[in-house]
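Single-letter residue listing:
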Amino acid sequence: MADASITKPVLAEAAQAEPSLHRVMGPWLLLLFIVGDILGTGIYALTGQVAKQVGGAVWMPFVVAFVVALITAFSYLELVTKYPRAAGAALYTHRAFGIHFVTFIVAFAVMCSGITSASTASRAFAANMSHAFDLKYTVFGITMVGLVFMAAVAVINFRGVGESVKMNVLLTCVELTGLLIIIFIGLCAIGAGQGDVSRVMEFKTVGDGGIFWPVIAATTLAFFAMVGFEDSVNMAEETKDPVNTFPKILLIGLLITGAIYVLVSISAITLVPPEELGSGETPLLKVVQAGAPNFPLGVFGFITMFAVANSALINMLMASRLVYGMSRERVLPAVLGKVHPTRRTPYIAIGFTTLLAFGLITFVGEVPALGGTTALLLLCVFTVVNVAVLVLRKDPVGHKHFVTPTIVPVLGAITCAFLAGPWTGRDPVQYKVAGVLLGIGVVLWVVTVYVNKATGLKPEPIDERIGTRGPVN
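Residues numbered from 1 in each chain as written. Predicted model: local features only at pLDDT ≥ 70, side-chain atom pairs only at ≥ 80, totals over all residues. Heavy atoms only, no water.

## So, the packing of aromatic side chains
(1) Moving on: Enumeration according to the criterion identifies 17 aromatic pairs in this entry.
(2) Moving on: Summarising the aromatic geometry, the rings of F62 and Y261 are spaced 5.7 Å apart at their centres and angled 55 degrees between planes, so their arrangement reads as tilted. Taken together, the residues span a long stretch of sequence, with F62 in helix α4 (residues 59-82) and Y261 in helix α10 (residues 242-271) at a distance of 199 residues. Side by side, F62 and Y261 carry an identical accessibility label, which is buried.
(3) Moving on: Their ring planes at 35 degrees and their centres at 6.4 Å tell us that F101 and F104 sit as a pair that is tilted. Linking F101 with F104, this pair stays in helix α6 (residues 100-132), spanning 3 residues, or about one helical turn.
(4) Moving on: The structure contains a cluster of three or more aromatic residues connected by ring pairs, namely Y76, Y92, F223 and F382.
(5) Moving on: Over the aromatic face of Y450 sits the side chain of K453, whose NZ or CZ is 6.0 Å from the ring centroid. (Phe/Tyr/Trp six-rings, centres within 6.5 Å; stacked < 30°, edge-to-face > 60°. Helix = DSSP H or I, 4+ residues; strand = E, 2+ residues; numbered from the N terminus. Buried < 20%, exposed > 50% of the residue type's maximum accessible area, 1.4 Å probe, protein only. Lys NZ or Arg CZ within 6 Å of the ring centre and 35° of its normal.)

## Side note on α6
Owing to its 3.6 residues per turn, the α-helix brings residues three or four apart onto one side.
(1) Moving on: For α6, with 33 residues, the first-to-last C-alpha span of 48 Å sits near the 48 Å given by 1.5 Å per residue.
(2) Moving on: Burial within α6 is extensive, with 28 of its 33 residues counted as buried. (Expected span 1.5 Å × (residues − 1).)

## Some remarks on the packing of helix α12 (residues 283-291) against helix α13 (residues 297-328)
(1) Moving on: Here α12 crosses α13 at 150 degrees, and the two axes come no closer than 10 Å. On the basis of the axis angle, α12 is roughly antiparallel to α13. Crossing of α12 against α13: the hand is right-handed. Facing α12, whose interface residues are L284, L285, V288 and Q289, α13 presents L297, F300 and G301.
(2) Moving on: Partitioning the contact of α12 with α13 into residue classes produces 5 nonpolar, 2 polar and no charged. (Axes fitted to C-alpha atoms, helices over the stretch in contact; angles between N-to-C directions. Parallel < 35°, antiparallel > 145°, perpendicular 65-115°, else oblique. Left-handed = near helix turned anticlockwise from the far one by under 90°. Contact = heavy atoms within 4.5 Å. Nonpolar A, V, L, I, M, F, W, Y, C, P; charged D, E, K, R; others polar.)

## A short note on the environment of Y261
(1) Moving on: Classification of Y261 by relative accessible area gives buried; the value is 1%.
(2) Moving on: Here the side chain of Y261 touches I38 through a polar contact of 2.6 Å, landing on its backbone oxygen. (Polar contact = N/O pair within 3.5 Å; in protein donor to acceptor, adjacent residues only side chain to side chain.)

## Focus: helix α14 (residues 347-363)
(1) Moving on: Compared with the 24 Å implied by 1.5 Å per residue over 17 residues, the 25 Å span of α14 between its first and last C-alpha is a close match.
(2) Moving on: Buried residues of α14: A349, I350, F352, T353, T354, L356, A357, L360 and I361, and no others.

## Concerning the pattern of salt bridges
(1) Moving on: For the structure shown, the criterion picks out 1 salt bridge.
(2) Moving on: Across the pair E78 and R393 runs a salt bridge, and its minimum N-O distance is 2.8 Å. Taken as a pair, E78 in helix α4 and R393 in the loop between α15 (367-391) and α16 (407-420) lie far apart in primary sequence, 315 residues in all. (Salt bridge = Lys/Arg side-chain N within 4 Å of Asp/Glu carboxyl O.)

## A few points about unusual backbone geometry
(1) Moving on: One non-glycine residue, K136, lies in the positive phi region at around 55 degrees.
(2) Moving on: Within the secondary structure, K136 is located in the loop between α6 and α7 (139-159).
(3) Moving on: A relative accessible area of 62% means that K136 is categorised as exposed.

Limitation: the analysis is restricted to geometry and does not speak to function.
Okay, structure coming up:
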């Protein structure tokens, strides 16, 4: 066995020899990144499923999800300004609780949420291609298209963050255009007296006539449409002046996307009854057909496909960088932290996360199951982050920083934990998928611990490289 005194310097030199990541993102690129992160698969693919749960008041779960996300965003702002080098939930968890395994679980959960989100986007991409162009793909055909699509995302990711962010700008503009088309069609229809605006106040009720549980059940799906706001803090190594940039850009991005979601929801339910909107996997295509029958459906199909492609790209970008960071912290196998000498991208991590996505696309497949798993994982992470804010109040720092009112993280922890529970009517398959993914992470962690012991290494102190990014929708 190699002498530890020799092994540690050699590995340290190897780590220093690895090239660093590029800092290419300024404020406008970051805003587009956040907006593109939040917009996308959730609103394009799950609006119908939300309508199936809650009825005509499809906007209500999106508003509730927005409020929960906004509360947690304020907790993130306190932590990221208190610890300017902080880069996500894993670091906050480690500072608050100091348990390395808990830190790892939080980081790996966020990575898994990104992969499930990207897999959701892959499925939505294939379904919209089939529906918009009348290709009549079977389940097998949609799966194969999804796999090819995910492979293409991996190639773009490998090319580098500069290329990925430029692609993100293009795709964000496309997906925003699609949603603005829906809003415009809806407003024109309302102005012309078409559709039924009264549906926006119709709630689906349960047996006792209550609307609370249908709204909660729908919110567990709608929350997937709000995830992504926390992602940007984990691109710190590739962002210019991240400390001053993140707070204002994060809130602006959240407000923009929240307003868009409400307007899209109102337009959709005005033109298409909730029962019809909730059938199939292409709800917004139905809105275009109902409100603008002369609009070329193939064009909107292309827009939808590009929109969900953006979600997949950002999520896989995040997931690979997070695996890279955890490897550099020696809590995952060292090979996952290798950077390509020419492209300067974490190519082994990209391959690993892509293989996990392939497995989800092949063996899980359904959009609600994958989207719900994404929301479940992040709600658990957000619960921990909100608690961490309160714990870290005992840790003063030597500079001024944003302080959110104490009630905000308290409400954030309670609401996120509540929405993650089985009492909301969440599909049990979501817990199974999340469990399998986290189980893979635990196995890798155990292997790494034994390797570290054999070579005399210890996990590195947690720093900004292990920052956790969540999924995009």
